[in-house]
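Spelled out, the chains give:
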Amino acid sequence: SLRHREIQIEPDSPAAIKADLDQAETRGEGLLTSEERAELSHQRAVVLDHLNQPQRALSDYDVALRLRPEQPSLRLRRGWALVLARQYAEADFQAALAGQPELDAFEAADAHNGRGYVLALDGKDVEAVQDAEAAVLLSPDRWEVLFNAAAIYGVATGIARVERDNADLTERYAQRA
């Protein structure tokens with residue numbers, strides 16, 4: 001039984017642990033209780049996080065949460081996986097923008113705002129604001145675009161005030177929000 005066992009990850013063993021968990025899932029197909037499947041998915045997600053594979057970890061956290069929605073530690077771990085997955089979100093928004101001719105104006109604006117928000121969360125306020133401005137130019141009549149651009153300016157305002165201690169930049173971002 002996997003219950004009440006925490007896997008201690010050794011620096012040289014996460015891939016082997018993941019392989020063992022995969023094998024346990026395969027061999028236990030149809031035999032594991034939902035609680036055991038939840039624990040297996042949870043432990044594999046922890047290992048995948050350690051292997052810097054947040055997208056795959058998210059999939060296992062989702063399985064575990066479907067089976068154990070009341071467990072706050074799963075939400076905590078999945079939350080961190082989502083934070084770590086921002087680089088993948090940025091890559092997806094970038095890929096969408098690379099295919100921009102196939103996007104309508106709202107979709108292109110949405111992609112700019114998505115990338116801008118990720119950049120803002122990563123402390124890249126100048127690039128984030130450029131994306132917000134591009135989004136508003138592309139689709140100035142959509143409330144969703146304006147709302148998301150304002151959120152980017154809000155984060156950028158905090159960066160300018162706290163990290164840059166730049167009153168002029170703080171005021172400029174705040175005015176645009």
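Focus: the overall build of the protein
Within the protein, the secondary structure is distributed over 9 helices and 0 strands. Along the protein, helices (α) and strands (β) appear in the sequence α-α-α-α-α-α-α-α-α when read from the amino end. Buried positions account for 34% of the 177 residues belonging to the protein. Counting contacts in the protein only where the partners sit at least 6 residues apart, residues at least 24 apart contribute 53% of the total. Element-wise, carbon and sulfur atoms account for 52% of the exposed surface of the protein, whose accessible area totals about 10,400 Å².

Concerning the pattern of salt bridges
For the coordinates displayed, the defined rule picks out 7 salt bridges. One salt bridge connects Glu35 with Arg68, and the closest N-O pair in it is separated by 2.8 Å. With Glu35 in helix 2 (residues 34-50) and Arg68 in the loop between helix 3 (54-67) and helix 4 (72-84), this pair connects stretches of sequence that are 33 residues apart. Note that Asp131 and Arg115 form a salt bridge whose closest N and O atoms lie 2.6 Å from each other. Residue Asp131 is found in helix 7 (residues 125-138), and its partner Arg115 is found in helix 6 (residues 105-121); the two are separated by 16 residues along the sequence. For the residue pair Asp131 and Arg115, the accessibility class agrees, reading buried in each case. Bridged by salt links that share partners, the residues Glu35, Glu39 and Arg68 form one connected network.

Description of the packing of helix 7 against helix 9 (residues 167-176)
Where helix 7 meets helix 9, the closest approach of the two axes is 12 Å, and the angle between their N-to-C directions is 25°. Judged by the inter-axis angle, helix 7 sits roughly parallel to helix 9. Judged by the twist between their axes, the crossing of helix 7 over helix 9 is left-handed. Here Asp125, Val126, Val129 and Glu133 of helix 7 lie close against helix 9, whose contacting residues are Leu169, Tyr173 and Arg176. Classifying every residue of the contact of helix 7 with helix 9 gives 4 nonpolar, no polar and 3 charged.

Observations concerning helix 3
The terminal C-alpha atoms of helix 3 lie 20 Å apart, and with 14 residues this matches the ideal 20 Å at 1.5 Å per residue to within 8%. Residues of helix 3 that are buried sit in contact with helix 2, helix 4 and helix 5 (86-98).

Examining unusual backbone geometry
Unlike most non-glycine residues, Asn52 shows phi in positive territory, near 60°. Structurally, Asn52 is set in the loop between helix 2 and helix 3. By relative accessible area, which is 47% here, Asn52 ends up partly exposed.

Some details on the packing of aromatic side chains
Scanning all chains against the criterion turns up 0 aromatic pairs. One cation-aromatic arrangement involves Arg142 over Phe106; the distance from NZ or CZ to the ring centre is 3.8 Å.

Focus on the environment of Leu97
Here Leu97 is to be found in helix 5. C-alpha of Leu97 to C-alpha of Arg115: the two residues are 18 residues apart in sequence and 9.3 Å apart in space.

Quick look at the confidence of the model for the protein
Overall, the predicted model of the protein reaches an average pLDDT of 82, with 83% of residues at or above 70. When the elements of the protein are averaged for pLDDT, helix 1 (residues 14-28) gives the smallest value, 67, and helix 7 the largest, 96. Counting interchain partners and residues more than four positions distant, the pLDDT-below-50 stretch residues 1-5 has 10 contacts.

About the criteria used
- Residues numbered from 1 in each chain as written.
- Predicted model: local features only at pLDDT ≥ 70, side-chain atom pairs only at ≥ 80, totals over all residues.
- Heavy atoms only, no water.
- Helix = DSSP H or I, 4+ residues; strand = E, 2+ residues; numbered from the N terminus.
- Buried < 20%, exposed > 50% of the residue type's maximum accessible area, 1.4 Å probe, protein only.
- Contact = heavy atoms within 4.5 Å.
- Areas by Shrake-Rupley, 256 points an atom, 1.4 Å probe, with all protein chains shown as cover.
- Salt bridge = Lys/Arg side-chain N within 4 Å of Asp/Glu carboxyl O.
- Axes fitted to C-alpha atoms, helices over the stretch in contact; angles between N-to-C directions.
- Parallel < 35°, antiparallel > 145°, perpendicular 65-115°, else oblique.
- Left-handed = near helix turned anticlockwise from the far one by under 90°.
- Nonpolar A, V, L, I, M, F, W, Y, C, P; charged D, E, K, R; others polar.
- Expected span 1.5 Å × (residues − 1).
- Phe/Tyr/Trp six-rings, centres within 6.5 Å; stacked < 30°, edge-to-face > 60°.
- Lys NZ or Arg CZ within 6 Å of the ring centre and 35° of its normal.
- pLDDT = per-residue confidence, 0-100.

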